[in-house]
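Below are the chains, spelled out letter by letter.
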Amino acid sequence: MKKIFNYILAASFAVMAASCSNFLDEQVPQGTLDENQVKDPSLVESTVISAYAGFTQSEDINGSFSMWNYDVRSDDAYKGGSSVNDGDVFHQLEVQKGVLTTNWNISDMWNRLYITISRINSAISLLEKCDESYTLKEQRLAEMKFLRAYSHFLLKRLYKNIPFIMNANLQYEDYNKLSNTEYTNDEAWAVIAKELEEAYEVLPVKQADKGRPTKAACAAFLTKVYLYKAYHQDDANSHQVTSINTDDLEKVIKYSDPAIYAAGGYDLEKDIHNNFRPEEQYENGCESIWAIQYSRNDGSTYGNLNWSNGLICPNIADVTDGGCDFYKPSQNLVNAFRTDNNGLPLIDSFNQKDYDMAADNADPRLFLTVGMAGLPYMFNPSYMMDRTSNWSRSGGLYGYYVTLKQNVDPALIGQYLIKGSFWATSMNRIVFRYADVLLERAEAFAQLGKTTEAIALVNKIRSRAAASTQMISNYPSRYGVKFYCKQYTGSYDKQQTIKIVKMERRLELAMESERFFDLVRWGEAAQTLNSYYAAEKTKCTVYGEAEFTANKGEYLPIPFAQVAASNGYYTQNIGNW
């Protein structure tokens, strides 16, 4: 039986309710333990665990903290569902038309992440009152800083301009003076980085409880934050990248140092699919640097399960009473896995034709990422996919592809897959995995002109990709597919290397909800997505009127309710919202 920790997820301090606009009207609750209770480690630990639980208990089926619902804006995925009206507010994001600041999905993530921050700040407030008799005080404070940084990070990627609640003991009247533009874009990233650097100095190399961040987890997080920070955006006029900061790139190199991860026992899995298996022997594997922990058979009705991916299951009526079939891989993504006669990606020409299973070479990761007609769903030949309503709730409007990374073999229902009102799984969600760190390191090297070092890291990822066939070894002989994935052997200049790294990042992290945020970080969202819309209109008609507006579509608008309740302290994001 897998649990988040060897503690009970029961104690939970009161948190802000319903809307984060309430935090402008109501004082954030603080720990109210008396002096003797503060010295009781069990009560302090319960408050800390309550903060961790915010990332599972506060998740919602309509808005996962994985951000898959918001990655439907990328060229990796279609929204899916039964029609454009099924989850219509996400359709509006997908095509960048009709998005309103009053839409529930604009305010939902804001509300829930600030509620989570309130739980974390309650724990921090209590920890700050503890004396030296509580020997874990500094370590637990470091863990809470990590969690608070993660919450602010998710908010910043979505909304860009956000209020930072760094004072756990903020007075009531000060909440009414919070500004979402207190910091420039660069300064805001620095606030997150500073909190993580403080945590990095304290966190241990290893933790007995897998869900707690280690020094390597903090380093992986710092690697990502400094890479975002490196791509400077013009605060005054646009969301476009105006420069790339070499000092920040050097910090990426520092915190992605392989020695940090080797000390904690982290490395690439032998097969990429091992990262997406629910069985106990694969959970918290060597590539999982920090993951949201889920459980089953823990005494509750269903367990502490991950319900946030419950809309992604395909429409297998006889197995799940009809999955909702959201977050479907795009044809563009499938085409990106095509390889040339040298076993390399067709970086500039991959979308000139659609992937043909019988004729085209493909990276093996395609078949571990995308389920498609003519192949078994979740590698189980009892569930062969075809082009029928069994595999497309929309009758083909969003195609027939299915994402595999978030789903679980239907044969495991009752063990790792549970069917309630929707389906859920006990499979962890990896937040930071080592392959991501390696690719971020490669990107920093490429931007610094260190092309040899960057290509070597890409080749390490590609070597693992070529070997990732444990679940699909019989696909060539049985289904006629052609695996072909080789390493780069040539000499490449800086711009070529950057393109190679970006392409590899897309292939390795496909359908892991990173793609849209990468495009924004690189300043390439408008160009890439408008080109994508033009090509996709004949394949997925929902894009008929799609148009990405630069300096607007990169971020969600600040929710109307928050601006209205801010007493003039909030400024709307750039764009005609």
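Everything that follows concerns the structure shown earlier in this document.
Residues numbered from 1 in each chain as written. Predicted model: local features only at pLDDT ≥ 70, side-chain atom pairs only at ≥ 80, totals over all residues. Heavy atoms only, no water.

Draft legend 1. Molecular detail of the overall build of the protein. When helices and strands are tallied, the protein shows 21 helices and 12 strands. Against the 2.2 N^0.38 benchmark of 25 Å for 577 residues, the protein shows a C-alpha radius of gyration of 23 Å, consistent with a compact globule. For the C-alpha atoms alone, the extent of the protein along its principal axes is close to 70 × 55 × 50 Å. Per-residue burial for the protein yields a buried fraction of 62% across its 577 residues. Relative to all contacts within the protein whose residues are 6 or more apart in sequence, the contacts with residues 24 or more apart total 73%. A total of about 20700 Å² of accessible surface is found on the protein, and carbon and sulfur atoms cover 47% of it. (Helix = DSSP H or I, 4+ residues; strand = E, 2+ residues; numbered from the N terminus. Rg over C-alpha atoms; globule rule 2.2 N^0.38 Å. Buried < 20%, exposed > 50% of the residue type's maximum accessible area, 1.4 Å probe, protein only. Contact = heavy atoms within 4.5 Å. Areas by Shrake-Rupley, 256 points an atom, 1.4 Å probe, with all protein chains shown as cover.)

Draft legend 2. Geometry of helix α19 (residues 515-522). Among the eight residues in α19, eight count as buried, and that is most of the element. Immediately downstream of α19, the backbone of Gly 523 shows phi near 75°, a positive value.

Draft legend 3. Geometry of the nonpolar core. Formed by 121 residues in total, the largest nonpolar core has its most connected members in Met 144, Tyr 261 and Ile 289. Not counting residues within four places of it along the chain, the set of residues in contact with Ile 289 comprises Ala 216, Ala 217, Ala 220, Tyr 261, Tyr 266, Phe 432, Arg 433, Tyr 434 and Val 437. By size, the runner-up hydrophobic cluster in this structure holds 51 residues, among which are Leu 311, Val 402, Tyr 416 and Tyr 479. (Core = buried A, V, L, I, M, F, W, Y, C linked by side-chain atoms within 4.5 Å.)

Draft legend 4. View of the side chain of Gln 562. Here Gln 562 shows up in helix α21 (residues 560-564). With a relative accessible area of 0%, Gln 562 lands in the buried category.

Draft legend 5. Quick look at the pattern of salt bridges. Taken as a whole and judged by the stated rule, the model has 45 salt bridges. For Glu 504, the salt bridge goes to Arg 462, with nearest N and O atoms at 2.9 Å. Placement of Glu 504 in helix α18 (residues 494-508) and of Arg 462 in helix α16 (residues 451-466) is noted, with a sequence separation of 42 residues between them. Overall, the relative accessible area of 0% leaves Arg 462 in the buried class. Each of Glu 287, Asp 363, Arg 365, Lys 405, Arg 433, Arg 462, Arg 464, Glu 504, Glu 508 and Glu 512 takes part in a single network of salt bridges with overlapping partners. (Salt bridge = Lys/Arg side-chain N within 4 Å of Asp/Glu carboxyl O.)

Draft legend 6. Empty space enclosed by the protein, seen in detail. Per the counting criterion, the structure on display carries 10 cavities of 30 Å³ or more. In this model, the largest cavity occupies a volume close to 450 Å³. Together, 27 residues line the largest cavity, and Ser 66, Arg 429, Ile 430, Val 431 and Glu 512 are the ones closest to its centre. Sorting the residues of the lining of the largest cavity by element identifies α6 (137-159) and β11 (429-433) as the ones contributing at least two each. With five residues, the top contributor of residues to the lining of the largest cavity is β11. Taken together, the residues of the lining of the largest cavity sort by class into 12 nonpolar, seven polar and eight charged. (1 Å grid on protein atoms, 1.4 Å probe; cavity = no way out; pocket = protein on both sides within 12 Å on 5 of 7 lines; lining within 4 Å. Points joined across faces, edges and corners; volume = space filled by probe spheres on them. Nonpolar A, V, L, I, M, F, W, Y, C, P; charged D, E, K, R; others polar.)

Draft legend 7. Spatial organisation of the environment of Tyr 484. One can find Tyr 484 in the loop between β12 (482-483) and α18. On the accessibility criterion, Tyr 484 (27% relative accessible area) is partly exposed. With residues up to four places along the chain from it excluded, the contact list for Tyr 484 reads Thr 339, Asp 340, Asn 341, Asn 342, Gly 343, Asn 361, Ala 362 and Asp 363. Here Asn 341 takes part through its backbone oxygen, which lies 3.4 Å from a polar atom of the side chain of Tyr 484. (Polar contact = N/O pair within 3.5 Å; in protein donor to acceptor, adjacent residues only side chain to side chain.)

Draft legend 8. Expanded view of the layout of surface pockets. Volume-wise, the largest pocket comes out at about 600 Å³. If you go around the largest pocket, you meet 21 residues; those closest to its centre are Ile 347, Phe 350, Arg 515, Glu 524 and Thr 528. Within the residue set of the lining of the largest pocket, elements represented by two or more residues are α18, α19 and α20 (525-536). Across the lining of the largest pocket, the residue classes break down as eight nonpolar, six polar and seven charged. Taken together, 17 residues form the lining of the second largest pocket, with Gln 331, Arg 387, Gly 399, Tyr 400 and Tyr 401 sitting closest to its centre. Looking at the lining of the second largest pocket, its residues break down into 10 nonpolar, three polar and four charged.

Draft legend 9. Region of interest: the packing of helix α15 (residues 434-447) against α18. For the pair α15 and α18, the least separation of the axes is 9 Å and the interaxial angle reads 165°. Relative to α18, α15 is oriented roughly antiparallel. As for the relative orientation of α15 and α18, their crossing is left-handed in sense. Note on element contacts: α18 touches α15 through Lys 494, Thr 497, Ile 498, Val 501, Glu 504, Arg 505 and Glu 508, opposite Ala 435, Asp 436, Leu 439, Glu 440, Ala 442, Glu 443, Ala 446 and Gln 447. (Axes fitted to C-alpha atoms, helices over the stretch in contact; angles between N-to-C directions. Parallel < 35°, antiparallel > 145°, perpendicular 65-115°, else oblique. Left-handed = near helix turned anticlockwise from the far one by under 90°.)

Draft legend 10. Looking closely at the environment of Tyr 52. On the secondary structure map, Tyr 52 appears in helix α2 (residues 41-57). It is 28 Å that separates the C-alpha atoms of Tyr 52 and Ala 259, two residues lying 207 residues apart in sequence.

Draft legend 11. Representation of the side chain of Asn 103 within the structure. Structurally, Asn 103 can be placed in the loop between α4 (88-95) and α5 (104-129). Taking relative accessible area as the criterion, Asn 103 reaches 10% and is therefore assigned buried.

Draft legend 12. Just the packing of aromatic side chains, in detail. Counted according to the given criterion, the structure contains 36 aromatic pairs. Judged by centre distance (5.7 Å) and plane angle (80°), the ring pair of Phe 90 and Trp 104 falls under edge-to-face. Of the two residues, Phe 90 is situated in helix α4 and Trp 104 in helix α5; the sequence distance between them amounts to 14 residues. Ring pairing ties together the aromatic residues Phe 55, Phe 65, Phe 146, Tyr 150, Phe 153, Trp 189, Phe 221, Tyr 228, Trp 290 and Phe 432, which thus form one cluster. Sitting above the plane of the Phe 517 ring, Arg 157 keeps its charged end 4.1 Å from the centroid. When the ring centre of Tyr 200 is taken as origin, the NZ or CZ atom of Lys 215, which lies over that ring, is 4.6 Å away. (Phe/Tyr/Trp six-rings, centres within 6.5 Å; stacked < 30°, edge-to-face > 60°. Lys NZ or Arg CZ within 6 Å of the ring centre and 35° of its normal.)

Draft legend 13. Geometry of the environment of Pro 258. Positionally, Pro 258 belongs in helix α11 (residues 258-263). Distance in space between the C-alpha atoms of Pro 258 and Gly 523 is 28 Å, their sequence separation being 265 residues. Sequence-distant contacts of Pro 258, that is, excluding residues within four places in its chain, are made with Tyr 434 and Arg 441.

Draft legend 14. Quick peek at the packing of helix α10 (residues 246-255) against α15. Between α10 and α15, whose axes approach to 9 Å, the crossing angle comes to 140°. By crossing handedness, the relation of α10 to α15 is classed as left-handed. Residues Leu 249, Val 252 and Ile 253 of α10 touch α15, and the partners they reach there are Glu 440, Arg 441, Ala 444, Phe 445 and Gln 447. Of the residues contributing to the contact of α10 with α15, the split by class is five nonpolar, one polar and two charged.

Draft legend 15. Examining α15 more closely. A rise of 1.5 Å per residue sets the reference length of α15, with its 14 residues, at 20 Å; its end C-alpha atoms lie 20 Å apart and thus fit the reference within 8%. Most of α15 is tucked away, with 14 of its 14 residues classed as buried. Backbone geometry just downstream of α15 places Gly 449 in the positive-phi region, at approximately 80°. (Expected span 1.5 Å × (residues − 1).)

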